[in-house]
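Here is what each chain is made of, one letter per residue.
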Amino acid sequence: MPDALATSLTELSLERLRQRRSVKWSRYPGDVLPAWVAEMDFPLAPPVKQALLEAVELDDCGYPDPAELGEAFAEFALRRHGWEVDPGAVSPSPDVVGALTAVLKEVAEPGDRIIVNTPVYHPFCAVIEEARCELVEVPLAESELDVDGIDRAFAAGARALVLCSPHNPSGSVPSQLQLEAIADSAARHGAWILADEIHAPLTLPGAEHVPFLTVSEAAKQRGIAFWSASKAFNLAGLRCAEIVTASAEAAAVVARLTVSATHCGHLGAIGSVAAFCEAAEWLDEVLAVLDHNRTLLAQLLAERLPEVGYEQPRSGYLAWLDFRRLGLGPDPSQPILERGRVALSPGPQFGPQGAGFARLNLGTSPRLVAEAVERICRAVDRV
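What you see is a predicted model; the values in this text were computed from it and never measured.

Engineer: Where do I start with the packing of aromatic side chains in this structure?
Structural biologist: For any two aromatic rings, the description comes down to two numbers: the centre-to-centre distance and the angle of the planes. For the structure shown, the criterion picks out eleven aromatic pairs. Ring centres of Phe73 and Trp83 lie 5.9 Å apart, and the angle between their planes is 90 degrees; this geometry places the pair in the edge-to-face category. Of this pair, Phe73 sits in helix 5 (residues 69–81) while Trp83 sits in the loop between helix 5 and strand 2 (90–93), and the two are ten residues apart along the sequence. For the pair shown, Phe73 and Trp83 are each scored as buried. Between the aromatic rings of Phe233 and Trp282, the centroid separation amounts to 5.7 Å while the plane-to-plane angle is 20 degrees, which identifies the pairing as stacked. Of this pair, Phe233 sits in the loop between strand 7 (223–227) and strand 8 (241–244) while Trp282 sits in helix 13 (residues 280–304), and the two are 49 residues apart along the sequence. Residue Phe233 is classed as buried on the basis of its relative accessible area, which comes to 2%.

This is the structure:
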């Protein structure tokens, strides 16, 4: 393991982790190693932890006043992604899924067709169902956006694309040209692109996240972006996200949202502002560990389970594993859980293309990544 990696992120106590009450650590019995839901095991960034502790010490758990959130996000977006954001175009929301649901109900009518790029983050399907719209799958082509397929779907009348950028579960990062092309298509067909960019701060060395609203005038006019500190800084339980616009037309959509869709948690706003403004060093350390872990997983699989297909993610901490050559059935996570006592996310929940796949969480210590592989080996009699 490289000496430069922060020991606070690489020497995690399994006993301490099991004391957590989040869903990752409470869902399964104590003999199961959880490597499923998108929640990291790392300690909180010190500035975030300090800000939250100060709020609790002051008994400051009242109603939110997220006045600083827009400025903090704009500062973060400029520093990390070279993106100039108008702080006044940043609206708070409880979480990205809720924000997507509320916005989709404003830009689409019941029965409208909405595109997703499967295999994809499965709550997107629930969002579309809640809006009473029709799901249109335009699957990824070798982990990349099928730009021509998206254009055909817009031409056939699709009202919007719910875009996952960077993509979950593949870990791919769309290019500037791909984003320009789908923005142009949406504009030509009067459609919208709702860009979930929650994994963007976790873009890994060798890749670059391009914020959708920066790629063209068409993207600004026909796009709305959704961000949160929740994935990059492990703050999902604090309930704070950002809806970002770059045109009057998009801002008008957000202005029509209900009060419940444009409020966030008080501690969520406090934690997010601290994360965006003060936790850059911690985030860089996390990225270094994730970079190490994705390579470590590749090495371990090549040595122990060469039949398992794996393309290293270019963003995030989620590994999309192809178990089809091992004959574990459409949902390999089940026999792996039963025989190896390690919990992975079932591939089929991400769409039909997920049959034979499972998703493994790399947002932990290298030792626990190795333990997860060891347990998978046990499940398929490779001890």
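Engineer: Please explain the pairing of strand 10 (residues 318–322) as it appears in this structure.
Structural biologist: As a general feature of sheets, a regular strand has side chains that alternate between the two faces. For strand 10, the tally of buried residues reaches five of five residues, placing the bulk of the element in the interior. What you see with strand 10 is no split at all: Leu318, Trp320 and Asp322 on one side and Ala319 and Leu321 on the other are buried throughout. Two strands pair when backbone bridges link them, and strand 9 (residues 309–310) and strand 10 are joined in this way by two bridges, in the antiparallel orientation. By the bridge assignment for strand 10, Gly309 is matched with Asp322. By the bridge criterion, five bridges tie strand 10 to strand 13 (residues 357–361) in an arrangement that is antiparallel. Across the sheet, Trp320 pairs through a bridge with Arg359, a residue of strand 13.

Engineer: Any chance you could explain the sheet that holds strand 13 here in plain terms?
Structural biologist: Backbone hydrogen bonds hold the strands of a sheet together, and the pairing may be parallel or antiparallel. If you walk across this open sheet you meet the four strands as 9-10-13-12, and the pairing is antiparallel. The two strands at the open ends of the sheet, each matched to only one other strand, are strand 9 and strand 12 (345–346).

Engineer: Help me understand the sheet that holds strand 2 in this model?
Structural biologist: Taken together, the seven strands give an open sheet; going across it, the order is 2-8-7-6-5-3-4, and neighbouring strands pair in mixed fashion. Where the open sheet ends on each side, the last strands, each with one partner, are strand 2 and strand 4 (134–137). Shown here is a sheet whose adjacent strand axes are inclined to one another by a mean of 25 degrees, direction ignored. In this sheet, strand 6 (residues 192–196) lies alongside strand 5 (residues 160–164) in parallel orientation, the contact comprising five bridges. Following the sheet pairing, Ala160 is matched in strand 6 by Trp192.

Engineer: Explain the pattern of salt bridges here, please?
Structural biologist: For side chains of opposite charge, pairing can occur when their charged atoms come near one another. Applying the stated rule across the entire model yields 17 salt bridges. Its salt-bridge partner being Arg294, residue Asp291 comes within 2.9 Å of it at the nearest N-O pair. Taken as a pair, Asp291 and Arg294 lie in helix 13 at a separation of three residues, close to a single helical turn. In this structure, Glu371 engages Arg375 in a salt bridge whose closest nitrogen and oxygen atoms are separated by 2.8 Å. Of this pair, Glu371 and Arg375 both sit in helix 15 (residues 366–379), separated by four residues, roughly a single helical turn. Judged by its relative accessible area of 27%, Glu371 falls in the partly exposed class. With a relative accessible area of 11%, Arg375 lands in the buried category. What emerges from the salt-bridge pattern is a single network uniting Asp151, Asp184 and Arg188.

Engineer: Before we go on, may I ask you to explain the packing of helix 5 against helix 13 in this structure?
Structural biologist: Two measures define how a pair of helices packs: the angle their axes make with one another and the distance between the axes. With their axes 13 Å apart at the nearest point, helix 5 and helix 13 run at an angle of 45 degrees to one another. Classified by the angle between their axes, helix 5 and helix 13 sit oblique to one another. The handedness of the crossing between helix 5 and helix 13 is right-handed. Contacts between helix 5 and helix 13 involve Phe76, Arg79 and Arg80 from the former and Ala280, Leu283, Asp284 and Leu287 from the latter.

Basis of the calculations
- Residues numbered from 1 in each chain as written.
- Predicted model: local features only at pLDDT ≥ 70, side-chain atom pairs only at ≥ 80, totals over all residues.
- Heavy atoms only, no water.
- Phe/Tyr/Trp six-rings, centres within 6.5 Å; stacked < 30°, edge-to-face > 60°.
- Helix = DSSP H or I, 4+ residues; strand = E, 2+ residues; numbered from the N terminus.
- Buried < 20%, exposed > 50% of the residue type's maximum accessible area, 1.4 Å probe, protein only.
- Pairing = 2+ DSSP bridges.
- Axes fitted to C-alpha atoms, helices over the stretch in contact; angles between N-to-C directions.
- Salt bridge = Lys/Arg side-chain N within 4 Å of Asp/Glu carboxyl O.
- Parallel < 35°, antiparallel > 145°, perpendicular 65-115°, else oblique.
- Left-handed = near helix turned anticlockwise from the far one by under 90°.
- Contact = heavy atoms within 4.5 Å.

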